[in-house]
Amino acid sequence: MTELKNTEASVEADEESRVQDRPGSLGPGATVWEHLAQVSPRIKNNPNTYEAQQLNRASLDQCVKCTICETQCPVAKATPLFSGPKFVGPQAERFRNGESVDHTLDYCSSCGICTLTCPQGVRIAELNSMARAVMKQGHMPLRDRIITQTELEGKLLTPFAPVANWALKQKPIRVAVEKVVGVHRNAPMPVAQSQSVQGWLKKRKGPAARRPGQPDRGPVVFFTGCAGSYFEVETSKKTIEVLEHLGFEVLVPKQGCCGLAEQSNGLFNGARAHVRKLCAQLNAAGKDLTIISSSGSCAGMIKHEAHEIMGVDAPEVMSVGTRMRETSEFLLEMYDEGQLPTDFVRIDMKLPYHAPCQVKSQGMGMPAIRLMELVPGIEVVESGENCCGIAGTYGLKKEKYDVAQEVGKNLFRKVKETNDKLAVCDTETCRWQIRNSTGVPTVHPIHVIHAAYGLSSIHSPQV
């Protein structure tokens, strides 16, 4: 009997051991991540797919293969090198187990038009972004690591702005950069400034004059974004001055990169670290204050991509995301609440306007159009185009440059036909793309409002 009991105990112990080794059978207290990592080798070997499992794979079965996303995809229209968002997205996702089943996925620009147009709510762009991160894991091109370091580039170029700008205009240098790094010789480049936003704030004598009779509206936080800190400094300055003109105290805390460029290139770990650090910096200025940004894409990173693509649900990130407003969105909210003064000077001008993909993905509509048309004499002509082609860093890459130009060609034509002196767009890289491809100076909507309040000329300096 004793021997039988010992045998039974041994069998039970062996069975318990096998259960513990069996996928999905972790003990009490195990996290969801630990369970998922055990049942799926793909997740265990490629941690970037955790978010796909948690947030977006549930939307797969809603795909009815209507192909609406295919008809609206700007890249699929521009090149046969991309199999289309449905094929590389919800269709391919069902067969992925480690490596991608279709490497044309790398030609997806992550513009997000597919998700926006899907009538079934399938998270196509989000699935594609995460699948690409997995596909590139372990063999990330050096070029993609370099061009994502936007804050570092700004810090390095600012002290040598004139020399840097001269060098980036030299054809032999650009050809060498294309061959060595992989950035196309004709791709748009940011224009380095001799003074950063923080440098300007330290040297200026004080806040801009408040509008006569304007009440004190209290503090708000301004989020510059890397480009707004180092390259589009004029846009940041004008935003601060308009907010101060309206009675706000504008707080500009020390702040770093949001990680958007890393995220869009599949460098999720670096992007997660950057966005969490940035949100801690912004929260340090005041955890209940509205945060305003004239960098629509960077604002979108915090409001959308950080959580929906990378699964970041840290309290500091979620808090900042709920309080983040793009500048046009914020000013139009003020107008709708009867709080925005509209004693604008008249500006007789027809302005071509392009709404960037990353602004559309935030679900705010196109507040810039209504805002600018509050100015007497302004007529806004919306481009009607899905994408300019640049998609952050996509159009910089030598193998994708021609695709990006094909995507944007109708937009470029419409801009030049509408007004070859000035165009308007909400995000920095899209403005660089339009300027570079049309020769038309392209500004953020805040430039129009700044001029309409009589704070500058509509054609004031802008790179």
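Residues numbered from 1 in each chain as written. Predicted model: local features only at pLDDT ≥ 70, side-chain atom pairs only at ≥ 80, totals over all residues. Heavy atoms only, no water.

## Considering the overall build of the protein chain
Then comes step 1: Helices and strands together make up the secondary structure of the protein chain, namely 26 helices and eight strands.
Then comes step 2: Here the protein chain holds 463 residues, and 54% of them are scored as buried.
Then comes step 3: Accessible area of the protein chain: about 20,100 Å², with a carbon and sulfur share of 53%. (Helix = DSSP H or I, 4+ residues; strand = E, 2+ residues; numbered from the N terminus. Buried < 20%, exposed > 50% of the residue type's maximum accessible area, 1.4 Å probe, protein only. Areas by Shrake-Rupley, 256 points an atom, 1.4 Å probe, with all protein chains shown as cover.)

## Some words on the packing of helix H19 (residues 296–308) against helix H20 (residues 315–323)
Then comes step 1: The interhelical angle for the contact between H19 and H20, taken along N-to-C directions, is 140°, at an axis separation of 8 Å. Taken together, the axes of H19 and H20 are oblique relative to one another. Where H19 abuts H20, its residues Ile302, Lys303, Ala306 and His307 lie against Val317, Met318, Val320 and Gly321.
Then comes step 2: Looking at the contact of H19 with H20 residue by residue, the classes come out as five nonpolar, two polar and one charged. (Axes fitted to C-alpha atoms, helices over the stretch in contact; angles between N-to-C directions. Parallel < 35°, antiparallel > 145°, perpendicular 65-115°, else oblique. Contact = heavy atoms within 4.5 Å. Nonpolar A, V, L, I, M, F, W, Y, C, P; charged D, E, K, R; others polar.)

## So, helix H13 (residues 171–180)
Then comes step 1: Among the residues making up H13, those that are buried are Arg174, Val175 and Glu178. The buried residues of H13 occupy an angular sector of 100° when projected down its axis, which confines them to one face. Pointing more than 90 degrees away from the buried face of H13 are the exposed residues Pro172 and Val180. (Arc of directions from axis to C-beta.)

## Quick look at the packing of helix H24 (residues 401–418) against helix H25 (residues 428–438)
Then comes step 1: The interhelical angle for the contact between H24 and H25, taken along N-to-C directions, is 75°, at an axis separation of 10 Å. The orientation of H24 relative to H25 falls into the category roughly perpendicular. Residue-level inspection shows Ala404, Gln405, Leu411, Phe412, Val415 and Lys416 of H24 in contact with H25, the latter providing Gln433, Ile434, Ser437 and Thr438.
Then comes step 2: Among the residues forming the contact of H24 with H25, the class breakdown is five nonpolar, four polar and one charged.

## Re unusual backbone geometry
Comment: phi is negative for the bulk of residues other than glycine, and the bulk of peptide bonds are trans.
Then comes step 1: Of note, Thr67 is a non-glycine position whose phi angle comes to about 65°, a positive value.
Then comes step 2: Residue placement: Thr67 occurs in the loop between helix H4 (50–56) and helix H5 (68–72).
Then comes step 3: Positive phi, close to 45°, is recorded for Ala391, a residue that is not glycine.
Then comes step 4: If you trace the backbone, Ala391 turns up in the loop between strand E6 (378–382) and H24.

## What to know about the packing of aromatic side chains
Then comes step 1: Applying the stated criterion across every chain, the model contains three aromatic pairs.
Then comes step 2: Judged by centre distance (4.7 Å) and plane angle (50°), the ring pair of Phe344 and Tyr453 falls under tilted. Placement of Phe344 in the loop between helix H21 (327–336) and strand E5 (349–354) and of Tyr453 in the segment after helix H26 (445–452) is noted, with a sequence separation of 109 residues between them. In terms of burial, Phe344 and Tyr453 fall into one category: buried. (Phe/Tyr/Trp six-rings, centres within 6.5 Å; stacked < 30°, edge-to-face > 60°.)

## So, the sheet that holds strand E4 (residues 324–326)
Then comes step 1: The strand order across the open sheet formed by four strands is E2-E1-E3-E4, and the pairing between neighbours is parallel. Both edges of this open sheet fall to strand E2 (248–251) and E4, since each of them pairs with a single strand only. Across this sheet, the average inter-strand angle for adjacent strands is 35°, counted without regard to direction.
Then comes step 2: Sitting on the sheet, H19 is in contact with strand E1 (218–223), strand E3 (291–293) and E4, with an inclination near 150° to E4.
Then comes step 3: Relative to the sheet, H21 contacts E2, E3 and E4, its axis offset from that of E4 by approximately 95°. (Pairing = 2+ DSSP bridges.)

## Things to note about the environment of Glu329
Then comes step 1: When you line up the elements, Glu329 lands in helix H21.
Then comes step 2: Judged by its relative accessible area of 13%, Glu329 is buried.
Then comes step 3: Through-space distance from the C-alpha of Glu329 to that of Arg370 is 9.9 Å; in sequence the pair is 41 residues apart.
Then comes step 4: Apart from the residues lying within four places of it in its own chain, the contact partners of Glu329 are Lys303, Met324, Met364 and Pro367.

## Here we look at the environment of Ser460
Then comes step 1: Relative to the assigned elements, Ser460 resides in the segment after H26.
Then comes step 2: Classification of Ser460 as buried rests on a relative accessible area of 15%.
Then comes step 3: With 13 residues separating them along the chain, Ser460 and His447 place their C-alpha atoms 8.3 Å apart.

## Points about the side chain of Lys397
Then comes step 1: Of note, Lys397 is situated in the loop between E6 and H24.
Then comes step 2: On the basis of relative accessible area, Lys397 is assigned to the buried category, the value being 7%.
Then comes step 3: One polar contact links Lys397 to Asn265, side chain to side chain, over a distance of 2.6 Å.
Then comes step 4: Contacts of Lys397, omitting those with residues within four sequence positions, involve Lys136, Arg143, Asp144, Ile147, Gly182, His184 and Asn265. (Polar contact = N/O pair within 3.5 Å; in protein donor to acceptor, adjacent residues only side chain to side chain.)

## Observations concerning the side chain of Gln433
Then comes step 1: Topologically, Gln433 is positioned in helix H25.
Then comes step 2: Classification of Gln433 by relative accessible area gives buried; the value is 1%.
Then comes step 3: Here Cys388 takes part through its backbone oxygen, which lies 3.1 Å from a polar atom of the side chain of Gln433.
Then comes step 4: With sequence-adjacent residues up to four places away left out, Gln433 is seen in contact with Pro188, Cys388, Gly389, Ile390, Ala404, Gln405 and Phe412.

## Comments concerning the state of the cysteines
Then comes step 1: If you walk through the whole model with that rule in mind, you get zero disulfides.
Then comes step 2: Unpaired in this structure, Cys111 has its nearest cysteine sulfur neighbour in Cys357, at a distance of 4.7 Å.
Then comes step 3: Cys298 takes part in no disulfide bond, and the closest cysteine sulfur, belonging to Cys258, lies 3.8 Å away. (Disulfide = S-S within 2.5 Å.)

## Examining the sheet that holds E5
Then comes step 1: Across the sheet, which stays open at both edges, the four strands sit in the order E6-E5-E7-E8 with parallel pairing between neighbours. Each end of this open sheet is capped by a strand with a single partner; those strands are E6 and strand E8 (442–443).
Then comes step 2: As judged from the five bridges shared by E5 and E6, these two strands associate in the parallel manner. Looking at the pairing, Leu351 lines up with Val380 of E6.

## Re the environment of Gly266
Then comes step 1: Along the chain, Gly266 falls in the loop between helix H17 (260–264) and helix H18 (268–284).
Then comes step 2: Judged by its relative accessible area of 8%, Gly266 is buried.
Then comes step 3: Once the C-alpha coordinates of Gly266 and Lys136 are considered, the two residues, 130 residues apart in sequence, prove to be 7.0 Å apart.

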